[in-house]
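Residues per chain, in single letters:
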Amino acid sequence: MKNIVLLGSTGSIGKSTLEVVRNNPDQLQVVSLTGGNNWQLLAEQAREFRPRFVAIAAEEHAGDLRLALKDLDVKVGAGSSAVLEAVMQPGADTTVAAIVGSAGLQPVMTAISAGHQICLANKETLVVGGSLVMQAVARSGLKLVPVDSEHSAIFQCLQGAVHTPPRRIIITASGGPFREWPVEKLAAVTVEQALKHPNWNMGGKITIDSATLMNKGLEVIEAHWLFAVDYDRIEVTVHPQSIIHSLVEFSDGSVVAQLGWPDMKLPIQYALSWPERWQPPVAALDLARVGSMTFSAPRFKDFPCLQLAYEAGKAGGIMPCVLNAANEVAVHAFMQKKTGFTGIPEIIAATVGAFSNCPAVSIEQLVAVDIEARQRAREFIGGA
Ligand code: NAD
Ligand code: MG
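Residues numbered from 1 in each chain as written. Chains lettered and ligands numbered in written order. Predicted model: local features only at pLDDT ≥ 70, side-chain atom pairs only at ≥ 80, totals over all residues. Heavy atoms only, no water.

Student: Help me out: how do you make sense of the overall build of the protein chain in this one?
Tutor: Of the regular secondary structure elements, the protein chain holds 16 helices and 11 strands. The C-alpha radius of gyration of the protein chain comes to 20 Å, within 12% of the 21 Å expected for a compact globule of 384 residues. Projected onto its principal axes, the C-alpha positions of the protein chain cover 55 × 50 × 40 Å. Looking at the protein chain as a whole, 57% of its 384 residues are labelled buried. In the protein chain, the proportion of contacts linking residues at least 24 apart, taken out of those at least 6 apart, comes to 67%. Surface summary for the protein chain: the accessible area is close to 16300 Å², and the carbon and sulfur share equals 53%. Charged side chains in the protein chain number 31 positive and 36 negative. The centres of these two groups are separated by 2 Å. (Helix = DSSP H or I, 4+ residues; strand = E, 2+ residues; numbered from the N terminus. Rg over C-alpha atoms; globule rule 2.2 N^0.38 Å. Buried < 20%, exposed > 50% of the residue type's maximum accessible area, 1.4 Å probe, protein only. Contact = heavy atoms within 4.5 Å. Areas by Shrake-Rupley, 256 points an atom, 1.4 Å probe, with all protein chains shown as cover. Lys, Arg positive; Asp, Glu negative; His and termini not counted. Charge placed at Lys NZ, Arg CZ, Asp CG, Glu CD.)

Student: Please explain the nonpolar core as it appears in this structure.
Tutor: Where a protein is soluble and globular, its nonpolar side chains tend to be buried together. The biggest cluster of nonpolar side chains holds 122 residues, and the ones touching the most others in it are Leu 65, Leu 69, Phe 227, Ile 234, Leu 323 and Phe 341. Ranked by residues supplied to this core, first place goes to helix α14 (residues 319-335) with 11 residues. Structurally, this core is a two-domain feature, drawing no fewer than three residues from each of domain 1 (2-146) and domain 2 (178-212 + 299-384). Sequence-distant contacts of Leu 65, that is, excluding residues within four places in its chain, are made with Trp 39, Leu 42, Ala 43, Val 54, Ile 56 and Val 76. (Core = buried A, V, L, I, M, F, W, Y, C linked by side-chain atoms within 4.5 Å. Domains from an automatic or database assignment.)

Student: Mind showing me how you'd approach the pattern of salt bridges here?
Tutor: Opposite charge on two side chains allows them to pair when their charged atoms are near. Within the structure shown, the criterion is met by 19 salt bridges. Lys 265 serves as the salt-bridge partner of Asp 263, at 3.2 Å between the closest nitrogen and oxygen. On the basis of relative accessibility, which here comes to 24%, the residue Asp 263 falls in the partly exposed class. On the basis of relative accessibility, which here comes to 12%, the residue Lys 265 falls in the buried class. By sharing partners, the salt bridges in this structure join Lys 123, Asp 148, Glu 150, Lys 216 and Glu 219 into a single network. (Salt bridge = Lys/Arg side-chain N within 4 Å of Asp/Glu carboxyl O.)

Student: Mind showing me how you'd approach the sheet that holds strand β10 (residues 244-249) here?
Tutor: In any sheet, the strands associate via hydrogen bonds between backbone groups, in a parallel or an antiparallel arrangement. Ordered by their spatial adjacency, 4 strands build an open sheet running β9-β8-β10-β11, and the pairing between neighbours is mixed. The outermost strands of the open sheet, each flanked by one partner alone, are β9 (234-238) and β11 (255-259). The average undirected angle you get between the axes of adjacent strands in this sheet is 20°. On the sheet, helix α10 (residues 214-227) packs against β8 (168-173) and β9 and is oriented at approximately 150° with respect to β8. (Pairing = 2+ DSSP bridges. Axes fitted to C-alpha atoms, helices over the stretch in contact; angles between N-to-C directions.)

Student: I would appreciate a short explanation of the coordination of the magnesium ion (ligand 2) in the present structure.
Tutor: Reference values for coordination geometry: four tetrahedral donors around a metal ideally subtend 109.5 degrees, six octahedral donors ideally subtend 90 or 180 degrees. Within the first shell, the magnesium ion (ligand 2) binds the protein through Asp 148 (OD), Glu 150 (OE) and Glu 219 (OE), at distances of 2.1 to 2.2 Å. Every donor residue of the magnesium ion (ligand 2) comes from the same chain, spaced as D-x1-E-x68-E. Of the two residues, Asp 148 sits in the loop between β7 (144-146) and α7 (149-157) while Glu 219 sits in helix α10, which places them 71 residues apart along the sequence. Each of the two residues, Asp 148 as well as Glu 219, counts as buried. (Donors = N, O, S within 2.8 Å, 3.2 Å for Na, K, Ca; no water.)

Student: Would you mind showing me how to read the domain arrangement of the protein chain here?
Tutor: A common way to report how large an interface is uses the accessible area buried once the components associate. Domain assignment breaks the protein chain into domain 1 (2-146) and domain 2 (178-212 + 299-384). Between the C-alpha centres of domain 1 and domain 2 the distance comes to 26 Å. Note on domain 1 versus domain 2: buried area summed over both sides is about 1100 Å², and carbon and sulfur give 66% of it. Of all residues in domain 1, the largest losses of buried area upon contact with domain 2 belong to Val 127, Val 128 and Leu 132, amounting jointly to 40% of the total for that side. As a salt-bridge pair, Lys 205 and Glu 124 come within 2.8 Å of each other at their nearest N and O atoms. On inspection of domain 1 and its partner domain 2, the count reaches 5 residue pairs in polar contact (both at pLDDT 80 or more). Looking at the side of domain 1 that touches domain 2 element by element, the count peaks at 7 residues for helix α6 (residues 123-140). In terms of residue class, the side of domain 1 that touches domain 2 is made up of 6 nonpolar, 6 polar and 2 charged. (Buried area = accessible area lost by both parts, 1.4 Å probe. Polar contact = N/O pair within 3.5 Å; in protein donor to acceptor, adjacent residues only side chain to side chain. Nonpolar A, V, L, I, M, F, W, Y, C, P; charged D, E, K, R; others polar.)

Student: Would you take a moment to explain the pairing of β11 for this structure?
Tutor: On a regular strand, one side chain projects to one face of the sheet and the next to the other, so that they alternate. Pairing geometry for β10 and β11, over 5 bridges, is antiparallel. When the bridges of β11 are listed, Glu 249 appears paired with Val 255. Connecting β10 to the antiparallel partner β11 that follows it, the hairpin turn spans 5 residues, and Gly 253 within it adopts a positive phi of roughly 90°.

Below, the structure is given as structure tokens:
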């Protein structure tokens, strides 16, 4: 039985994780749940899954949540300190990290120091604090198991390959809704158009990241840290059908891939069942129904976020943290209609350009850089 802390239970990954828990009651139970501000859903989830502790990050909803759960034997906490308290509940041994953005970094560090197995969806944690997170994981002796579908695919391809490190990693990308759009039309993209992902049903921020290709850039950095592979050996290929979730090339040139329907329940369940496999959470793959699979090179010039991410990743130090903070602010501004679609990479490039690099030495330093980079990005938006 795994005893789970679920960070971000009210989000897209959080809800799918609870579906996996619901389908595997003999293997999984929930110790604590955390959400950002959707107290109604959090209350419903607490009623069904009966955790010992529930945390809501937005303190203004603490009263509503407490009232909604007053007949249950569950402790309710509020604010970011309560999210950390949720992680430290006695008896918990596994944390599913499904908060969006750099807000997930500190809870993940807390979960690592508590000795939990980490199932990581929150890629921004590795983008911002990759070296420090991986050092802490190495010290803990535990494994960080990816939930992100591409990284789950790579992780699965590498099972049993301890003596044969990968020569190359090929991450697949759907290309997003504007894959075939002429570059001239991108400036006029609306929020509604960008929120319509062709294959995956996800939270708002990652859906916009998928449209700009920043999601793929963040995934390149995530793969660098998870699999200790240099950037010049991590490639991206556009595969609009999203059936091959990623590929690994070995030293003899052999390429291994993992396939499945685009549904996050499979990688979430694998992260929780690893090294075992349980009953399938989705329908069997039907290759005849897939019909054909196609591949092409990403349009680096027309979608500059991917290149910006490669550059920040290669630069290392605090640069990926700056890139991520600027992206979070720019995506938020786009969703609020305060900047256009092509403004997103412009804001990021300007913010990154305003920083000089230095080594990443502590989480406290990265938290400070994150705040400063957000401030800079907001200034660029204000001045635009
Ligand atoms: P989402 O927006 O649907 O959910 C985010 C969750 O985090 C919600 O529960 C929200 O309340 C909570 N949250 C937001 N800000 C918070 C804060 N400051 N403090 C505490 N909690 C906060 O996002 P999602 O699509 O579920 O994505 C979650 C993470 O998983 C992201 O890092 C994303 O990149 C990654 N991921 C998502 C998918 C997917 O299919 N949705 C796939 C791969 C990776
Ligand atoms: Mg992914």
